[in-house]
Each structure stands twice: as structure tokens, then as C-alpha cells.
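One-letter residues, chain by chain:
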Amino acid sequence: EAQVTQNPRYLITVTGKKLTVTCSQNMNHEYMSWYRQDPGLGLRQIYYSMNVEVTDKGDVPEGYKVSRKEKRNFPLILESPSPNQTSLYFCASSSRLAGGSYEQYFGPGTRLTVT
Amino acid sequence: AQSVAQPEDQVNVAEGNPLTVKCTYSVSGNPYLFWYVQYPNRGLQFLLKYITGDNLVKGSYGFEAEFNKSQTSFHLKKPSALVSDSALYFCAVRPYRDDKIIFGKGTRLHILP
């Protein structure tokens, strides 16, 4: 089954404790992206990656890091989480070959609470 | 700044009536346009997209969207609403020659039985 998986699905942590949210896709997609969803703000893009070892900032990259060492994986790293990073996070992937249309497949989401 | 606007936080429609969820955008060049739907406690699902060609695009679950270049709009429509259409709808745009994706804030659609 084609899918994007994220782990963990729920996470409660404390300020300053480094964490990683994993994302994996099994569709051989080139493009992967992280978003955060906040009430009243919709989805905002954090980082995206066009392919292995190619990453770029979205609209809200501050406080986040990513890496793309393998095509299927795109982990999101919060080195020193703060309460304002409490949010619902989504990973997404798409084929770069789809006429450039970047129709995305989304993971189920990770609800992060930073206290 | 490039942006996407969904002017209505919530839209209420009676079952069986036509529905419209509005989206306007402000980006340079000719963008790629998308609609996604989010059901409670789920990720987003792709509904439809506009790349080029016919201004009326048909998608999943009977939805369609009309691209209007002069008004920079991409409104989502359905001729006859179902209660099961109740969800959160997002408009998104990929600006021309850009790899970023910009989402609107979302519109919650309530279909009343």
C-alpha cells in the first residue's frame, strides 16, 4: 500500500529536550516536505526536499532541522524545542515527475506538545 | 509576498444544495493550484489540481474547481452537497518556477442534513 508514515503520532516533551519525528514514504517520491498546522493559520511549510541531499527552507524554518540522506526518509529535528512549537505536524511526499504538479500525499500527522 | 486567501472560515450548506468554497491567490507567473480535504483526525487528501488547459477541473468525490486568471481565483464547487462532505478544505498553490507550496488557512464546510 502506498503510504507516508510518521512516528511518533503523539509526543509530549519538555522545553529544550531534543527530539526527532521520522517520516518515511514507500512511493519512491523525489519531493518531501514538512508542514505544521495551527488553528487559524492553516498549514505552513517548514522545510522541503527536492531529492537526496537537497533541502530548502519553507516559510517557517526557525527552530527546525531536516536531513535527506535516503530517498524514502525525511526526519524533522527539533534540537531545542520550545512551547511555541506545540503543533500538529504533517509530512508529505510527491513525485517530481508528475508534470511538475507536485500533488502531495500526506502522512497521518504527529501531535507535538512542548511544556 | 506570495499568498493564498480563503476568505471564509466556515461555510454552511444544506444537504442537496450546491456548495462553493472560495480561494484567491497572489503569486507571480502562472501557478499550479490544488485543493485538499482534511477529515477529523486524518491527514490531508488530494481532491484536484489545475496545471493548464480547461478552466474547469474535475476531481474526486464529485468536486470541481474553476480557475479564473483575471480574478486570480480557484473556487471549489459541488453541484449537490452531501453530509459526508463536511470537513476542512485547503486551497494550495505552487508558484511558477518555485518549489515551495503555500496553503490557505482552510475553510470548514458544514453540510446540514
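This text goes with the structure placed above it.
Being a predicted model, the structure only gives us computed values, none of them experimental.

J.: How do you make sense of the overall build of chain B when you look at a structure like this?
T.: Secondary structure summary: chain B contains 0 helices and 12 strands in total. Ordered by position from the N terminus, the helices and strands of chain B form the series β-β-β-β-β-β-β-β-β-β-β-β. Taking 2.2 N^0.38 as the reference for a compact globule, 113 residues should give roughly 13 Å; the C-alpha atoms of chain B span a radius of gyration of 13 Å, in line with that estimate. With respect to the principal axes defined by its C-alpha atoms, chain B has extents near 45 × 30 × 20 Å. Counting only residues that meet the buried cut, chain B has 48% of its 113 residues in that class. Within chain B, residue pairs in contact and separated by at least 24 positions form 55% of the contacts whose partners lie at least 6 positions apart. Entry remark: accessible area of chain B is about 5500 Å², with carbon and sulfur atoms responsible for 48%.

J.: It is not clear to me how the overall build of chain A should be interpreted in this structure. Could you clarify?
T.: Across its full length, chain A carries 0 helices and 11 strands. For chain A, the succession of helices and strands along the chain, N to C, is β-β-β-β-β-β-β-β-β-β-β. At 13 Å, chain A has a C-alpha radius of gyration in line with the 13 Å of a compact globule built from 115 residues. Residue burial in chain A is summarised as follows: out of 115 residues, 52% are buried.

J.: Can you walk me through the packing of aromatic side chains in this structure?
T.: Given two aromatic rings, one states the distance between the centres and the angle between the planes to describe the pair. Residue and element names in this part refer to chain A. Counted according to the given criterion, the structure contains 15 aromatic pairs over all chains. Arranged with centres 6.4 Å apart and planes meeting at 80°, the rings of F90 and F106 form a pair that is edge-to-face. Of this pair, F90 sits in strand β9 (residues 87-94) while F106 sits in strand β10 (residues 105-106); the two residues are 16 residues apart in sequence, bridging distant segments of the chain. We note that F90, like F106, is buried.

J.: Whenever I open this one, the pattern of salt bridges confuses me. Can you help?
T.: A side chain of one charge can pair with a side chain of the opposite charge when the charged atoms of the two come close. Residues and elements named next belong to chain A. Taken as a whole, this structure holds 11 salt bridges over all chains when the rule is applied. For the salt bridge of K65 with E79, the shortest nitrogen-to-oxygen distance reads 3.2 Å. In this pair, K65 sits in strand β7 (residues 65-66) while E79 sits in the loop between β8 (76-78) and β9, placing the two residues 14 residues apart along the sequence. Assessed through its relative accessible area of 41%, K65 is described here as partly exposed. Look at E79 and you get partly exposed, because its relative accessible area is 40%. Among the ionic contacts, a cluster of salt bridges with common partners joins K18, K65 and E79.

J.: How should the side chain of T107(B) be read in this particular structure?
T.: All names here are of chain B. Along the chain, the position of T107 falls in strand β12 (residues 107-112). At 3.1 Å, the side chain of T107 and the side chain of Q6 are in polar contact. Sequence-distant contacts of T107, that is, excluding residues within four places in its chain, are made with Q6, E8, D9, Q10, V11, V21, A87, L88 and Y89.

Thresholds applied
Note that residues are indexed from 1 along each chain, following the sequence as it is written. Chains carry letters and ligands carry numbers; both start at the beginning, A for chains and 1 for ligands, and go up in the order they are written. In keeping with the predicted nature of the model, local features appear solely for residues at pLDDT of at least 70, side-chain atom pairs appear and are counted solely at 80 or more, and the whole-chain, interface and lining totals rest on all residues. Just so you know, side-chain values use all the structure's heavy atoms and leave hydrogens and water out. Per the convention used, a helix needs a DSSP run of H or I reaching at least four residues, while a strand needs a run of E reaching at least two, with both numbered from the N terminus. What the globule rule says is 2.2 Å times the number of residues to the power 0.38, and the radius of gyration is computed from C-alpha atoms. Between buried and exposed lies partly exposed: a residue is buried under 20% and exposed over 50% of the maximum accessible area for its type, with that area taken using a 1.4 Å probe on protein chains only. Any two residues whose heavy atoms approach within 4.5 Å at even a single point are treated as in contact. Calculation of accessible area relied on Shrake-Rupley with a 1.4 Å probe; when residues are assessed, cover is drawn exclusively from the protein chains displayed. Think of it this way: a Phe, Tyr or Trp ring, Trp meaning its six-membered ring, pairs with another when their centres are within 6.5 Å, and the plane angle makes it stacked under 30 degrees, edge-to-face over 60, tilted otherwise. Salt bridge, as used here: a side-chain nitrogen of Lys or Arg that lies within 4 Å of a carboxyl oxygen of Asp or Glu. Here a polar contact is recorded for every N or O atom pair within 3.5 Å, except that within protein the pair must consist of a potential hydrogen donor and a potential acceptor, and residues adjacent in sequence are included only if both atoms are side-chain atoms.

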